[in-house]
Amino acid sequence: MADSLSADFVVIGSGIIGALTAMKLAQTGASVLILEAGPRRSRDEIVARFRNSPRRSDWVSPYPSLPWAPHPIYKPESNDYLVQAGPYPYPAEYLRMVGGTTWHWAAHAWRNVPNDHRIHTLYGVGVDWPVSYDELEPYYQESEEIMGVSGADNTGSPRKKPFPMEPVAEPYAMRRIRERLDPTYKVVSNTTARNSRPYDGRPACVGNNSCQPICPVDAQFTGGKAVEKAEQAGARLVPNANVYKLESDDTGRVTAALYYDRNKGSHRVTGKTFIVAANGIESPRLLLLSTSDKFPHGLANARDMVGRHLMDHPSTSLTFDADEDLWLGRGPQSPSSINTMRDGDFRKDHAPYRLDFTNISRVDGATTSLIAAGVYGAEFEHRLRHSAARELNVKTVLEVLPHPEHRITLSAQKDSMGIPKPEAHYAIDEYTHKGAIRALDDFRRIAELMGGSNLRFTRDGDYANNQHICGTVSMGNDPATSVVDKWGRAHDHENLFLVGTGVIPTAGTCNSTENGVALALHTVRHILGGQAGGSAAAKS
């Protein structure tokens, strides 16, 4: 076993949150090492894979799973990497590569609303956060300035400073939706890490409508850009380093990370402080794999809390035909939403939700459906043009409450590296389902206001998954019900921190990335002793 690498800080995972954590630590002059299971890929390679893919609507197709760093694949058939234990399927998508999953994200960078941090106190459901909105507000701002977030001040999230940029230009279809739904519904621009003007060396969005799976012009901030920032600050990246175990001593201090290279050669990395930043599935998996005589159930798991409280944002939707030509597909894929149901006293009874409008071109989906239905010739051309011009879709983004039985565990099955696969135990509870039922009224009213016909609702009980993996290593004040404290430090290990969306204690209604970044910046501030910087603080 090779044992040649060591650093003040060892960061496991090079996604957007891990990389920005590494950047902030490296800026102090400390030595920082990032271990990433997957390979480094260039933007032009990813764009070429997308253009050559026969499955344009499969956003993972440009990102193949590799034997030394497998990740979930579902099309054209499942690779069964994420084992499903039920009772409801949880087909989470994520990437294991340098930069992580935000290579193919929609770039939504939402803040919580303040009451999201106090839902148990206010509404008697879920749990309260150990960090208030006001405490997190400066870290939201910092994350927005690093990523380059564009948005408008009408989303329900208070702020002390303006966004770095104004919203990206509103597509024609979204303008017509906004005009026709007003004043019944207030349609607002989504808050996104997407440039509306040149910012930080990246160009403005030009409306390619392929934000997922890849922005071809680099207008979106991604984990790839975060890695570049970390390396510029002095962090060292080791790709193709699949960490399979953390070693610890009898006092609970983590002493080393063990990783396999692409040929399954084993390597040992030592450090002073270890920061696990994989994701809400791979982070608990690694902790559960890190067993020893002292910690037979894995690290940070003395109370059997690692992997629990798995959350995401399930969606129901309505597809219908408007009474005018709108031509979705110009501009970003997800530009607008309705935020009026994000918070209220109703949260005592059912889940809150955002209503999100898609702007994805309808051509690919309509073509597939028409061919499957056996439609060809002149009728095909007529119906395709109609769908492309008039078809609309609106979906819910529903809150899921934290439940300890919803969790990630280790499977008896092993992956291509001989490591136990992650196994998902997931369900949709009545609280979330009642929110979906309430949203049907909004769906019908929106269709009415748009002159809708041919209404197609998702079937009752069917939920799409939004890939916003939350929980599993949740933060909290009580070690009996959480994995890390409010600073992200594992309750039982003084030099082990966790960052990422897995530490988020409740899901709310907003995409999880900005919450994860803000909490990570909050963690770094604590690690550095509350000081603005300096290697002495970093190394102490």
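Here the structure is a predicted model, which is why all the values come from computation and not from measurement. (Residues numbered from 1 in each chain as written. Predicted model: local features only at pLDDT ≥ 70, side-chain atom pairs only at ≥ 80, totals over all residues. Heavy atoms only, no water.)

A. Structural context of the overall build of the protein. Check the secondary structure of the protein and you find 12 helices and 18 strands. The C-alpha radius of gyration of the protein comes to 23 Å, within 12% of the 24 Å expected for a compact globule of 540 residues. Counting only C-alpha atoms, the protein reaches 70 × 50 × 45 Å along its principal axes. Sorting the 540 residues of the protein into buried and exposed places 61% on the buried side. For the protein, the proportion of contacts with a sequence separation of at least 24, taken over those separated by at least 6, is 73%. Of the roughly 20200 Å² of accessible surface on the protein, a fraction of 49% belongs to carbon and sulfur atoms. (Helix = DSSP H or I, 4+ residues; strand = E, 2+ residues; numbered from the N terminus. Rg over C-alpha atoms; globule rule 2.2 N^0.38 Å. Buried < 20%, exposed > 50% of the residue type's maximum accessible area, 1.4 Å probe, protein only. Contact = heavy atoms within 4.5 Å. Areas by Shrake-Rupley, 256 points an atom, 1.4 Å probe, with all protein chains shown as cover.)

B. The arrangement of unusual backbone geometry in detail. Of the consecutive residues Lys 75 and Pro 76, the connecting peptide bond is found in the cis state with omega at 0°. Within the element layout of this structure, Pro 76 appears in the loop between α2 (43-52) and β3 (83-87). Of note, the amide linkage connecting Asp 182 to Pro 183 takes the cis form, showing an omega dihedral of 5°. Turning to its location among the elements, Pro 183 is positioned in the loop between α5 (172-181) and β4 (187-189). The residue Asp 218 is not glycine, and still its phi comes out positive at about 75°. For Asp 218, the location among the structural elements is in the loop between β4 and α6 (223-233). A relative accessible area of 14% means that Asp 218 is categorised as buried. Residue Asn 454 is not a glycine yet carries a positive backbone phi of 55°. Along the chain, the position of Asn 454 falls in strand β16 (residues 453-457).

C. Quick peek at the sheet that holds strand β15 (residues 420-426). Spatially, 3 strands are ordered β3-β15-β14 in an open sheet, and the strand pairing comes out mixed. Among the strands making up the open sheet, the edge pair consists of β3 and β14 (407-414). Across this sheet, the average inter-strand angle for adjacent strands is 30°, counted without regard to direction. Two elements, β14 and β15, share 5 bridges in a ladder whose sense is antiparallel. In the sheet register, Arg 407 faces β15, and the bridge partner there is His 425. Packed on one face of the sheet, helix α7 (residues 282-289) meets β14 and β15 and runs near 65° to β14. (Pairing = 2+ DSSP bridges. Axes fitted to C-alpha atoms, helices over the stretch in contact; angles between N-to-C directions.)

D. Spotlight on α6. Looking only at α6, the buried set comprises Gly 223, Gly 224, Lys 225, Ala 226, Val 227, Lys 229 and Ala 230. For α6, the elements touching its buried residues are α1 (16-26), β2 (32-35), α4 (133-147) and β5 (236-238). Near the N-terminus of α6, the side chain that reaches the backbone nitrogen of Gly 224, with its oxygen 3.1 Å away, is that of Thr 222. Immediately beyond the C-terminal end of α6, within one or two residues, lies Gly 234, with a positive phi of roughly 115°. (Polar contact = N/O pair within 3.5 Å; in protein donor to acceptor, adjacent residues only side chain to side chain.)

E. Quick look at the sheet that holds strand β10 (residues 317-321). With antiparallel pairing, the 6 strands of this open sheet are ordered in space as β4-β11-β12-β13-β10-β16. Edge strands, defined here as strands with exactly one partner in the open sheet, are β4 and β16. Across this sheet, the average inter-strand angle for adjacent strands is 25°, counted without regard to direction. As paired elements, strand β11 (residues 336-338) and strand β12 (residues 353-357) share 3 bridges and run antiparallel to each other. Within β12, the position partnered with Ser 336 by the bridge is Phe 357. Running at roughly 45° to strand β13 (residues 391-398), helix α9 (residues 377-390) makes contact with β10 and β13 of the sheet.

F. Seen up close, the packing of aromatic side chains. Within this structure, the stated rule accounts for 4 aromatic pairs. Between the aromatic rings of Tyr 88 and Tyr 463, the centroid separation amounts to 6.2 Å while the plane-to-plane angle is 70°, which identifies the pairing as edge-to-face. Of this pair, Tyr 88 sits in the loop between β3 and α3 (119-123) while Tyr 463 sits in the loop between β16 and β17 (464-465), placing them 375 residues apart in sequence. Arg 56 extends its terminal NZ or CZ atom over the ring of Phe 50, reaching a point 5.3 Å from the ring centre. Here the guanidinium or amino end of Arg 159 rests over the ring plane of Phe 163, the centre of that ring lying 3.7 Å away. (Phe/Tyr/Trp six-rings, centres within 6.5 Å; stacked < 30°, edge-to-face > 60°. Lys NZ or Arg CZ within 6 Å of the ring centre and 35° of its normal.)

G. Up close: the nonpolar core. Core analysis: the largest hydrophobic core is formed by 94 residues, its most contacted members being Leu 35, Tyr 90, Met 147, Leu 246, Leu 287, Leu 496 and Leu 498. For this core, the element with the most residues is α1, which contributes 8 residues. When residues no more than four places from it in sequence are discounted, the contact partners of Leu 246 are Ile 12, Val 254, Ala 256, Ala 257, Val 276, Leu 286, Leu 287, Ser 290, Leu 299 and Leu 496. By size, the runner-up hydrophobic cluster in this structure holds 34 residues, among which are Ile 177, Val 187, Leu 355 and Phe 443. (Core = buried A, V, L, I, M, F, W, Y, C linked by side-chain atoms within 4.5 Å.)

H. Representation of the pairing of strand β7 (residues 254-260) in the model. Burial runs high along β7: 6 of the 7 residues are buried. Where strand β6 (residues 242-248) meets β7, 6 bridges bridge the pair, whose relative direction is antiparallel. Counted as the bridge partner of Asn 242 is Tyr 260 from β7. Hairpin connection between β6 and β7: a loop of 5 residues separates the two successive antiparallel strands, and Gly 252 in this loop has a positive phi of roughly 100°. Across 5 bridges, the pairing between β7 and strand β8 (residues 266-276) is antiparallel.

I. Expanded view of the side chain of Ser 150. Mapped onto the elements, Ser 150 comes out in the loop between α4 and α5. Classification of Ser 150 by relative accessible area gives buried; the value is 0%. At 2.8 Å, the side chain of Ser 150 and the backbone oxygen of Arg 194 are in polar contact. Sequence-distant contacts of Ser 150, defined by excluding residues within four places in its chain, comprise Phe 163, Met 165, Glu 166, Pro 167, Val 168, Asn 190, Thr 191, Thr 192, Arg 194 and Ser 196.

J. The pattern of salt bridges, seen in detail. Across all of its chains, the model carries 44 salt bridges by this definition. Where Arg 347 meets Asp 116, a salt bridge forms, and the shortest distance between an N and an O atom there is 2.9 Å. Here the residue Arg 347 occupies a position in the loop between β11 and β12, and Asp 116 occupies one in the loop between β3 and α3, the gap between them amounting to 231 residues. By relative accessible area, Arg 347 is classed as buried at 0%. With its nearest N and O atoms 3.3 Å apart, the salt bridge here joins Arg 407 to Asp 304. Here Arg 407, found in strand β14, pairs with Asp 304, found in the loop between α7 and β9 (314-315); they are 103 residues apart in sequence, far enough to count as distant. (Salt bridge = Lys/Arg side-chain N within 4 Å of Asp/Glu carboxyl O.)

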